[in-house]
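# Tertiary structure, described
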Amino acid sequence: MKDLLRLRTSLTEEIERVLNEQIKMEADASAMYLSMSAWCDRNGFDFSAGYFKEQSDEEREHMLRLFKYVSDMGGRAVSPDVTNIQIEFESLRSVFEQALQQEIAVTQSFNRMADRCQKSKDYVTFTFLQWFLKEQIEEEYVARRALELFEVIGEEGTGLYEIDKRVPKIKYEDTY
């Protein structure tokens, strides 16, 4: 029966597995960003709270895009459990440090998936992943620039307020 079901999809078991792992990673990222948003809101960083809420929505959209792809290809998309999401953070800076680390981890995960797709000659999935890889350029850029505000503006006096105000204004310009 397992072999018969495998005929219904062009995804190999390995590719289906890594896509489902990425679905979970995106779900976890969405929940983490929502937690960061709540922390920022509780601590008076309204602009950052809004920014992280938008990030949470984007990560959920990425999860759903992956989920639909697996389903559309005849695979079995798995709705992930999301547990043990951090709810307290040391500081606003630590929130942004963690956000950047999370985006770098997501980029690395997509790179590993693309590599596996090439090795298994799954060029359809490899092509599908290109959108995500391009998206990660923007995600890392914005997270990095937000973190750089702490160095440029500083955290003393009204520094945190100024940083908070500027976070939603950071945009990635894909001019090339």
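In the nomenclature of an unreviewed UniProt entry, the protein chain corresponds to Ferritin from the organism Pontibacter populi. What UniProt records for the protein chain under Function (unreviewed entry) is the sentence "Iron-storage protein." Of the protein chain, the UniProt comment under Sequence similarities (unreviewed entry) reads exactly: "Belongs to the ferritin family. Prokaryotic subfamily."

Between side chains of opposite charge, pairing is possible as soon as their charged atoms come close. Inspection of the entire model under this criterion finds 15 salt bridges. Residues joined in a network through salt bridges with shared partners are Arg93, Glu97, Glu151 and Glu155.

Here we take up the packing of aromatic side chains. Overall, the coordinates contain twelve aromatic pairs when judged by the stated rule. Look at Phe52 and Phe96: their rings are 4.9 Å apart centre to centre, the planes differ by 45°, and that puts the pair in the tilted class. Residue Phe52 is found in helix H3 (residues 46–72), and its partner Phe96 is found in helix H4 (residues 92–119); the two are separated by 44 residues along the sequence. Phe96 carries the same exposure label as Phe52, and that label is buried. Both rings, one in Phe110 and one in Phe132, keep their centres 4.9 Å apart while their planes meet at 15°; by these two values the pair is stacked. Separated by 22 residues along the polypeptide, Phe110 in helix H4 and Phe132 in helix H5 (residues 123–153) bring together distant segments of the chain. Both residues of the pair, Phe110 and Phe132, belong to the buried class. The structure contains a cluster of three or more aromatic residues connected by ring pairs, namely Tyr33, Tyr51, Phe52, Phe96 and Phe150.

This part covers the environment of Gly50. Inspection of the secondary structure assignment puts Gly50 in helix H3. Residues Gly50 and Leu19, spaced 31 residues apart in sequence, show a C-alpha to C-alpha distance of 29 Å.

Grouped together as the largest cluster of nonpolar side chains are 24 residues, with contacts concentrated most on Met36, Trp39, Cys40, Phe52, Leu92, Val95 and Phe96. At the level of secondary structure, the elements contributing two or more residues to this core comprise helix H2 (13–42), H3, H4 and H5. Of all the elements, H5 adds the most residues to this core, at six residues. In contact with Met36, other than residues within four places in its own chain, are Phe52, Phe89, Val95, Gln98 and Ala99. Residues Val18, Ile23, Ala77 and Phe110 belong to the second largest nonpolar core, which totals 20 residues.

Thresholds applied
By convention here, each chain's residues receive numbers from 1 onward along its written sequence. In keeping with the model being predicted, local features are shown solely for residues with a pLDDT of at least 70 and side-chain atom pairs are shown and tallied solely at 80 or more, while totals for entire chains, interfaces and linings include all residues. The side-chain figures draw on all heavy atoms in the structure; neither hydrogens nor water molecules are used. UniProt positions are given in the numbering used here, feature names are shortened, and annotations may be inferred rather than shown by experiment. In the sections that follow, a salt bridge refers to a side-chain nitrogen of Lys or Arg positioned within 4 Å of a carboxyl oxygen of Asp or Glu. Any pair of Phe, Tyr and Trp rings, taking the six-membered ring for Trp, is counted once the centres come within 6.5 Å. Such a pair is stacked with planes under 30 degrees apart, edge-to-face with planes over 60 apart, and tilted for the rest. A helix here means a DSSP run of H or I that spans at least four residues, while a strand means a run of E at least two residues long, and both kinds are numbered starting from the N terminus. Relative accessible area decides the class of each residue, using a 1.4 Å probe on protein chains only: under 20% of the type maximum gives buried, over 50% gives exposed, and in between gives partly exposed. By nonpolar core we mean a set of buried residues, namely Ala, Val, Leu, Ile, Met, Phe, Trp, Tyr and Cys, connected to one another through side-chain atoms within 4.5 Å. Contacts between residues were defined by any pair of non-hydrogen atoms, one from each residue, lying within 4.5 Å.

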